[in-house]
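Chain by chain, the residues run as shown.
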Amino acid sequence: MSNKIPRQGLLYEDLYVGLAFRSPGRTITDYDIIGFAGLTGDYSEVHTSDVYAQSSQFGKRIAHGMMGLAYAHGLMWPRTEMLRHTAIAFLGISDWRFVAPIFLGDTIFVEYSVAAMRDSKSNPEQAIVTFDVQVVDQDGRLCQRGQKVELLSKVPLDGVTASGAHNE
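Criteria and cut-off values
Residues numbered from 1 in each chain as written. Predicted model: local features only at pLDDT ≥ 70, side-chain atom pairs only at ≥ 80, totals over all residues. Heavy atoms only, no water. Helix = DSSP H or I, 4+ residues; strand = E, 2+ residues; numbered from the N terminus. Buried < 20%, exposed > 50% of the residue type's maximum accessible area, 1.4 Å probe, protein only. Areas by Shrake-Rupley, 256 points an atom, 1.4 Å probe, with all protein chains shown as cover. Pairing = 2+ DSSP bridges. Polar contact = N/O pair within 3.5 Å; in protein donor to acceptor, adjacent residues only side chain to side chain. Contact = heavy atoms within 4.5 Å. Expected span 1.5 Å × (residues − 1). Salt bridge = Lys/Arg side-chain N within 4 Å of Asp/Glu carboxyl O. Core = buried A, V, L, I, M, F, W, Y, C linked by side-chain atoms within 4.5 Å.

Let us look at the overall build of the protein chain. Looking only at helices and strands, one finds 4 helices and 6 strands in the protein chain. For the protein chain, the N- to C-terminal ordering of α and β elements is β-β-α-α-α-α-β-β-β-β. Put simply, the protein chain has 168 residues, and 40% of those count as buried. Carbon and sulfur atoms make up 53% of the accessible area of the protein chain, which totals about 9,100 Å².

Attention shifts here to the pairing of strand E4 (residues 107-119). Where strand E1 (residues 20-22) and E4 come together, 3 bridges link them in antiparallel fashion. Bridging across to E4, alanine 20 finds its partner in serine 113. In this structure, strand E2 (residues 26-27) lies alongside E4, joined through 2 bridges in antiparallel fashion. Its bridge partner lying in E4, arginine 26 is registered against isoleucine 108.

Another point: unusual backbone geometry. The phi torsion at aspartate 95 lies on the positive side, around 55 degrees, for a residue other than glycine. Within the element layout of this structure, aspartate 95 appears in strand E3 (residues 87-98).

In this structure, glutamine 144 sits in strand E6 (residues 142-153). A polar atom in the side chain of glutamine 144 sits 3.3 Å from the backbone nitrogen of leucine 69. At 3.1 Å, the side chain of glutamine 144 forms a polar contact with the side chain of tryptophan 96. If we ignore the near neighbours within four places in the chain, the residues touching glutamine 144 are Gly65, Gly68, Leu69, Trp96, Arg97, Phe98, Val99, Ile102, Val133, Gln134 and Val135.

Quick look at helix H4 (residues 65-76) now. If you check H4, its first and last C-alpha atoms are 17 Å apart, about what 12 residues at 1.5 Å a residue would give, namely 16 Å. Buried residues in H4 make contact with E2, helix H1 (30-40), E3, E4, strand E5 (126-136) and E6.

The tally for this structure, following the rule as stated, stands at 7 salt bridges. Measuring nitrogen to oxygen at the nearest pair gives 2.8 Å for the salt bridge that ties arginine 26 to aspartate 32. Of the residues examined, arginine 26 reaches a relative accessible area of 28% and is grouped as partly exposed. Overall, the relative accessible area of 6% leaves aspartate 32 in the buried class.

Quick look at the nonpolar core now. By size, the foremost hydrophobic cluster in this structure holds 30 residues, and its most contacted members are Ile28, Tyr112 and Phe131. Contributions of two or more residues to this core are made by H1, H4, E4, E5 and E6. Element by element, the count of residues in this core is highest for H4, at 6 residues.

As C-alpha cells, then:
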C-alpha cells in the first residue's frame, strides 16, 4: 500500500502573478435571496417582492449586492479547493464595485487572477496574496469587481508535502 496521498489544490510555490482561474457556476435562486434576507435582516422589496421589483429601475428582483460578494468568496475557495492546503485567512477587500445587478435566475462565475504576492513581514512561513476578482453572469456581463487579499501558508497546513507524501 502506498504512503502517497494525491495532492489537490495549489501550494504557494505554484502561484505566480498573472495566474488566472474561473470558478464553477452558481445559479441564484429564490431560496438564496430569501435565505440571505433572513440572515442579514435586509428584506428590501427589490429583493423580496416581485410586484415591487417590476416597478423598480431593474424591472425584476435582484440579489443583494453583499450576497454576490459572499458567494464569490465561496466559489473561489471552498468550492474549488484551489488553496486547500495553504489558505489561512481572508484579510480584506479593496476597490469592490457593484457594477450591475445579479438577477434571480442568473448563474454567476468568478474570474480571478493573482495580482500581487509578497512574504509576510511577521512570519517567514506565510505570504500575502492579492487577487483581482470579477463576478460575471452566464452572458459574461460584469456584475461585481475588486480585489481580495488572502493570508497563505508557504508550507502545507494539513500534513501533505509538495511531493504528495503524508507527513508523519
